[in-house]
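Secondary and tertiary structure notes
The lines below spell out each chain.
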Amino acid sequence: MRKTRVRTSATLAVLLATLALPAAAEGVTVLDAARIHTMDPAQPRVEAMAFDDAGRILALGTRAALHERYPDAARLDAGDATVIPGLIDAHGHVAGLGLTKMRADLVGAASKDEVLQRLRAFAADLPEDAWLLGRGWDQNDWPERAFPTAADLDAAFPGRPVWLTRVDGHAGWANSAALAAVERDLSGDWQPDGGRIVRDAQGRATGVLVDSAMALVASAMPAMDAAATEHALELGMRQAVEHGLTGVHDAGVSLQELRAYQALADRDAMPLRIHAMADGDGEALAWLCDNGLYTHPDGRLQMRAVKLFIDGALGSRGAALLDDYSDDSGNHGLLLMTPEQLVDVATRAKRCGVQVATHAIGDRGNRVVLDAFEHVLGDDAAGDHRWRVEHAQILTRADIPRFDALGVIASMQPTHATSDMPWAADRIGDERIQWAYAWRKLRDAGARLALGSDFPVESVDPRLGLYAAATRTDSTAAPAGGWQPQEKLTAWEALRGFTSDAAYAGFAEDQVGSLEVGKRADFVLLAQDPLAIDPAGLDELDVLATYVDGEAVYRRP
């Protein structure tokens with residue numbers, strides 16, 4: 001079992017009390033701390049940092065030197081706290097995170113009965129004519145480990161449409177009322193491109209729809225309006241800063257969501273930085289190509305990337321594999337785009353100067369993406385394109401060195417490994433698992449790793465990502481020594497993945513990702529030193545405060 005740590009609550013209270021300081025005299029604030037890890041190799045650790053009222057770092061060094069240089073500056077005394085650069089989640093879904101507060105939360109439900117209990121409690125406050133929406137179910141957490149059916153929901157909700165998204169976002173579970181709302185007959189033997197309707201022996205839809213088939217139900221749901229979209233983004237960003245995040249790469253933003261972000265930025269209501277990726281080959285990408293790469297004047301919002309999908313997820317057996325699933329003979333997953341379609345969209349994006357980030361889970365999915373990138377980039381692979389593979393979960397020995405050769409960033413999520421480890425080897429077998437979640441192999445082969453969480457698929461808490469990366473264990477410290485321990489990262493490498501490498505992946509390394517003169521004063525105050533403690537304690541770091549542009553956007557109560 002995990003050790004319990006005695007918290008020095010009196011010390012934390014003193015530190016927090018010092019954070020609420022008056023405005024800086026002459027526009028300068030000097031931050032003192034026991035240690036400031038800059039992530040700048042030229043000056044990795046200092047005692048003090050000065051920044052101006054515009055949120056720009058002016059100087060770093062010793063307390064004595066900065067106090068002498070700025071004698072009239074306001075003081076921000078962090079005492080024994082550790083300061084690190086603001087943490088950046090290189091792959092999350094902000095609106096999706098916000099919606100977890102607006103829909104039924106099914107994460108961690110250990111059975112279908114528990115799902116129904118949570119749904120009944122949530123539905124008690126819903127208008128009678130509203131759809132019951134939820135997210136987070138995972139049949140791998142249930143005793144039977146089998147997909148559920150509409151019948152499992154019908155007894156409790158015979159008339160109200162129910163639509164529940166799986167934890168990975170790549171499958172949905174509907175009751176009969178929701179299925180009836182779909183305009184097209186879901187029975188038969190047809191399947192939508194890039195998706196699968198799960199059917200029984202009589203060809204009738206059972207209630208689970210995988211990947212692109214989910215759109216059939218989603219299109220029947222009432223659309224979210226602008227106010228609801230803004231509210232979801234606000235809720236998601238609030239949760240992010242509470243966990244020490246100062247930036248998020250929002251992986252799949254519609255034009256409607258971009259408009260909501262812009263409205264929030266216009267009224268100074270964005271507490272962190274968003275690197276938005278257009279949601280596939282749609283309106284947002286067309287808008288980018290017509291209007292050019294976008295940056296809001298306040299510097300906290302940009303869109304210069306597109307997020308594409310080549311395959312589905314491993315948990316729902318939609319990840320595209322070169323060979324069959326080890327636990328499902330005849331099934332090798334789904335390609336959500338053809339290789340030719342991927343080449344076509346990537347070619348247009350390149351012509352528009354748009355960064356391409358493509359979801360790829362399975363070894364076939366990753367190979368198709370790398371092949372397409374190699375074809376489209378050609379001689380420009382050596383340039384500063386910073387194209388990305390999102391997740392890069394299952395690879396082959398031959399494809400790992402291609403990331404560095406093509407200048408492709410591996411955008412990976414450490415907690416996926418520790419969440420999937422109970423069943424991942426069953427899906428793909430003992431040989432292929434050696435090339436899955438292969439952070440160390442990729443890093444040693446020269447690839448740059450940008451780390452994130454894929455929230456709300458996983459928790460938004462970056463401390464869990466740091467912990468998973470450095471230990472390869474779950475919250476109970478199992479398995480002993482770590483799962484596939486040869487793939488562990490050091491604490492410093494994990495922190496780099498959430499700071500400087502994530503900043504680089506978002507074309508922001510000149511502004512954030514490390515604490516250096518001229519960069520933005522985005523930083524986090526921690527009660528412990530993440531580079532000095534046992535990695536087993538990384539998930540228990542105390543976030544005291546989160547600062548963006550030198551202003552506190554979160555303080556621990």
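Residues numbered from 1 in each chain as written. Predicted model: local features only at pLDDT ≥ 70, side-chain atom pairs only at ≥ 80, totals over all residues. Heavy atoms only, no water.

Looking now at the overall build of the protein chain. When its secondary structure is counted, the protein chain shows 19 helices and 23 strands. Over its C-alpha trace the protein chain gives a radius of gyration of 24 Å, about what one expects of a compact globule, namely 24 Å for 557 residues. Across its three principal directions, the C-alpha atoms of the protein chain cover 80 × 60 × 50 Å. A separation of at least 24 residues holds for 72% of the contacts in the protein chain among residues at least 6 apart in sequence. In the structure as shown, the protein chain presents an accessible area of about 21,600 Å², 50% of it carried by carbon and sulfur atoms. (Helix = DSSP H or I, 4+ residues; strand = E, 2+ residues; numbered from the N terminus. Rg over C-alpha atoms; globule rule 2.2 N^0.38 Å. Contact = heavy atoms within 4.5 Å. Areas by Shrake-Rupley, 256 points an atom, 1.4 Å probe, with all protein chains shown as cover.)

According to the stated counting rule, one finds nine aromatic pairs in the structure shown. Aromatic pair F523 and Y547: ring centres 4.6 Å apart, planes at 10 degrees, arrangement stacked. Pair noted here: F523 is in strand β21 (residues 523-526) and Y547 is in strand β22 (residues 543-548), with a separation of 24 residues, a long-range link. By the ring-pair criterion, three or more aromatic residues cluster together here, those being W137, W142, F147 and W173. Looking at K441, its charged tip hangs above the ring of W435, at a distance of 5.1 Å from the centre. (Phe/Tyr/Trp six-rings, centres within 6.5 Å; stacked < 30°, edge-to-face > 60°. Lys NZ or Arg CZ within 6 Å of the ring centre and 35° of its normal.)

For the rest of this paragraph, the subject is the state of the cysteines. A full pass over the atoms with the stated rule returns one disulfide. Disulfide pairing is shown between C289 and C352; the S-S distance is 2.1 Å. Its torsion about the S-S bond being 110 degrees, the disulfide of C289 and C352 is classed as right-handed. Of the two residues, C289 is situated in helix α10 (residues 283-291) and C352 in helix α11 (residues 339-352); the sequence distance between them amounts to 63 residues. (Disulfide = S-S within 2.5 Å.)

Bringing helix α9 (residues 255-266) into the picture now. Between its first and last C-alpha, α9 extends 16 Å over twelve residues, near the 16 Å set by a 1.5 Å rise per residue. Those residues of α9 that fall on the buried side of the exposure criterion are L255, E257, L258, A260, Y261, Q262, L264 and A265. Positive phi shows up at D268, right after α9, with a value of about 55 degrees. (Expected span 1.5 Å × (residues − 1). Buried < 20%, exposed > 50% of the residue type's maximum accessible area, 1.4 Å probe, protein only.)

The element strand β17 (residues 355-360) is extensively covered by neighbouring structure, given that six of its six residues are classed as buried. Side chains Q355, A357 and H359 of β17 all project onto a buried face; the interleaved residues V356, T358 and A360 project onto the opposite face, where all are buried too. With five bridges joining them, strand β16 (residues 301-309) and β17 adopt parallel strand pairing. Looking at β17, one finds that V306 is bridged to V356. Where β17 meets strand β18 (residues 388-391), four bridges bridge the pair, whose relative direction is parallel. Following the sheet pairing, A360 is matched in β18 by H391. Traced from β17 through helix α12 (residues 363-377) to β18, the parallel crossover comes out right-handed. (Pairing = 2+ DSSP bridges. Right-handed = clockwise from strand over helix to strand, strands pointing away.)

It is worth spelling out the pattern of salt bridges at this point. Summed over the entire model, instances satisfying the criterion amount to 35 salt bridges. The partner of D444 in a salt bridge is R440, and the shortest N-O contact between them spans 3.2 Å. Residue D444 and its partner R440 are both found in helix α16 (residues 439-444); the two are separated by four residues, about one turn of the helix. Take D444: its relative accessible area is 56%, and that puts it in the exposed class. For R440, a relative accessible area of 15% corresponds to the buried category. (Salt bridge = Lys/Arg side-chain N within 4 Å of Asp/Glu carboxyl O.)

What follows concerns the confidence of the model for the protein chain. Caution is warranted with low-pLDDT regions, since their predicted coordinates should not be read in detail. Taken residue by residue, the protein chain gives an average pLDDT of 94. The fraction at 70 or more is 95%. The model gives residues 1-25 a pLDDT under 50, and that stretch makes 48 contacts with residues more than four places away or in other chains. (pLDDT = per-residue confidence, 0-100.)

Moving on: the sheet that holds strand β7 (residues 104-105). Sheet strands associate in pairs through backbone hydrogen bonding, adopting either a parallel or an antiparallel arrangement. The strand order across the open sheet built from six strands is β7-β8-β9-β10-β12-β11, with neighbouring strands paired in mixed fashion. Strands at the two margins of the open sheet, each flanked by one partner only, are β7 and β11 (195-199). Pairing analysis gives five bridges linking strand β8 (residues 132-137) to strand β9 (residues 162-166), with the strands arranged parallel. The residue of β9 that forms the bridge with L133 is W163.

The residue S514 is located in the loop between α19 (500-505) and β21 in this model. Among the polar contacts listed, one links the side chain of S514 to the side chain of E516, at a separation of 2.5 Å. Only 2.6 Å separates the side chain of S514 from the side chain of K519, close enough to count as a polar contact. Apart from the residues lying within four places of it in its own chain, the contact partners of S514 are T38, M39, D40, P85 and K519. (Polar contact = N/O pair within 3.5 Å; in protein donor to acceptor, adjacent residues only side chain to side chain.)

Looking at the element boundaries, S411 is found in strand β19 (residues 409-412). Distance in space between the C-alpha atoms of S411 and C289 is 24 Å, their sequence separation being 122 residues. Not counting residues up to four positions away in its chain, the partners in contact with S411 are A90, H91, R388, V389, E390, H391 and A450. In terms of polar contacts, S411 uses its side chain to reach the side chain of R388, at 3.4 Å.

Turning our attention to the environment of G513. Its place among the elements puts G513 in the loop between α19 and β21. Non-local contacts of G513, meaning those with residues more than four positions away in its chain, are made with M39, P85, I88, T499, S500 and A503.

A few words on the nonpolar core. Ranked by internal contacts, the top residues of the largest apolar core, which has 99 residues, are I274, L314 and F403. In terms of residues, this core owes the most to one element, α12, which gives seven residues. In this structure, L314 is in contact with A319, Y325, I361, Q393, I394, W423, A424, R427, I428 and Y437, ignoring residues within four places of it in sequence. Counting residues in hydrophobic clusters, the runner-up holds 20 residues, among them L132, W142, F157 and V198. (Core = buried A, V, L, I, M, F, W, Y, C linked by side-chain atoms within 4.5 Å.)

Bringing the packing of α9 against α10 into the picture now. Interhelical geometry of α9 versus α10 gives an angle of 65 degrees and a closest axis separation of 8 Å. Across the interface between the two elements, L255, L258, R259 and Q262 from α9 touch E283, A284 and W287 from α10. (Axes fitted to C-alpha atoms, helices over the stretch in contact; angles between N-to-C directions.)

In this model, F455 is joined to P456 through a cis peptide bond whose omega is 5 degrees. Its location among the elements puts P456 in the loop between β20 (449-451) and α17 (462-471). The omega torsion of the bond from A478 to P479 falls at -5 degrees, within 30 degrees of zero and hence cis. Within the secondary structure, P479 sits in the loop between α17 and α18 (491-497). Here R317, not a glycine, exhibits a phi torsion of approximately 55 degrees, which is positive.

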